[in-house]
Amino acid sequence: TGFMDDSRDLAEVLKSQISLYSELAELMSVEKQASVKWAVDETVAIAKQKEELLKRERIQEGARNTLLSKLAYVYHIENIKIYDVINLAKESDAHLYDELQSLADRLTELVSQIYAENVSLRMLYSTNSKLINDFFLATGLADGTSNNGYGPVTTTQPSKLHDVVG
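Residues numbered from 1 in each chain as written. Predicted model: local features only at pLDDT ≥ 70, side-chain atom pairs only at ≥ 80, totals over all residues. Heavy atoms only, no water.

What to know about the packing of helix α1 (residues 2-36) against helix α2 (residues 40-75)
- Across the interface, α1 lies against α2 with an axial gap of 9 Å and an inter-helix angle of 160°. The pairing of α1 with α2 is recorded here as roughly antiparallel in orientation. Of the two possible hands of crossing, α1 and α2 adopt the one that is left-handed. (Axes fitted to C-alpha atoms, helices over the stretch in contact; angles between N-to-C directions. Helix = DSSP H or I, 4+ residues; strand = E, 2+ residues; numbered from the N terminus. Parallel < 35°, antiparallel > 145°, perpendicular 65-115°, else oblique. Left-handed = near helix turned anticlockwise from the far one by under 90°.)

A few points about a nonpolar patch on the surface
- Together, Trp-38, Leu-131, Ile-132, Phe-135, Phe-136 and Leu-141 give the surface a local cluster of nonpolar side chains, amounting to about 590 Å² of exposed area.
- Its location among the elements puts Trp-38 in the loop between α1 and α2.
- Accessibility expressed as a relative area gives 45% for Trp-38, which makes it partly exposed. (Patch = residues over 30% accessible without salt bridge, like charges linked within 9 Å, V, L, I, M, F, W, Y side chains within 5 Å. Areas by Shrake-Rupley, 256 points an atom, 1.4 Å probe, with all protein chains shown as cover. Salt bridge = Lys/Arg side-chain N within 4 Å of Asp/Glu carboxyl O. Buried < 20%, exposed > 50% of the residue type's maximum accessible area, 1.4 Å probe, protein only.)

Focus on the packing of α1 against helix α3 (residues 82-92)
- Where α1 meets α3, the axes come as close as 11 Å, and the angle between the chain directions of the two elements is 135°. Between α1 and α3, the angle is such that the two are oblique. Here the hand of the crossing between α1 and α3 comes out left-handed. Across the interface between the two elements, Phe-3, Met-4, Ser-7, Leu-10 and Leu-14 from α1 touch Ile-82, Val-85, Leu-88, Ala-89 and Ser-92 from α3.
- Split into classes, the residues belonging to the contact of α1 with α3 amount to eight nonpolar, two polar and no charged. (Contact = heavy atoms within 4.5 Å. Nonpolar A, V, L, I, M, F, W, Y, C, P; charged D, E, K, R; others polar.)

Some points on the packing of aromatic side chains
- Under the counting rule described, the total for this entry stands at one aromatic pair.
- Between Phe-3 and Tyr-75, the aromatic rings sit 5.5 Å apart at their centres with planes inclined by 80°, giving edge-to-face as the arrangement. Remark: Tyr-75 occurs in helix α2 and Phe-3 occurs in helix α1; sequence separation between them is 72 residues. (Phe/Tyr/Trp six-rings, centres within 6.5 Å; stacked < 30°, edge-to-face > 60°.)

Focus on the environment of Leu-100
- Note that Leu-100 resides in helix α4 (residues 94-139).
- A relative accessible area of 0% means that Leu-100 is categorised as buried.
- The spacing of Leu-100 and Ala-11 is 89 residues in sequence and 6.1 Å in space, taken between C-alpha atoms.
- What Leu-100 contacts, discounting residues up to four positions off in sequence, is Ser-7, Ala-11, Leu-14, Val-85, Ile-86 and Ala-89.

Regarding the pattern of salt bridges
- Scanning the model with the defined rule gives 11 salt bridges in all.
- Of the charged contacts, one joins Asp-93 and Arg-8 as a salt bridge, the two residues approaching to 3.9 Å between their closest N and O atoms. Placement of the pair is Asp-93 in the loop between α3 and α4 and Arg-8 in helix α1, with a sequence separation of 85 residues.
- Ionic pairing is found between Glu-52 and Lys-55, a salt bridge with its closest N-O pair at 3.4 Å.

Here's what the structure looks like:
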């Protein structure tokens, strides 16, 4: 049937997204290590890889949304979500239901992992930026009036850094 075919296509898209998000999560972990080591060239290369992954993600997200829109039209469900499709599958095919449920759960786990990695990276980059600004202030290369995108530059004692990082 059309529903089964569309749902299987959706499962394939979800598998592709899981693969991509797994790759992104791993890359973000590597990026965090590179940033801790202040490996600028490696960090720049990782940024380029992330950009490519995000381009692929937009394509996959478009495919997923197209399939969901098709199912929404056929089943007259506004703002259809993956879990709506899972519930529809529950009524028609236990194997498809299990597969979609498992894929949705894994995707949710990966999105949470990526979110946590992103928060960690933002904190790390903010701290690194602060350290650089403090260095420039301490050496007299900056006067403390510039803005780094995180607010006005202020001097922080090393003990304060431990509170943020530790």
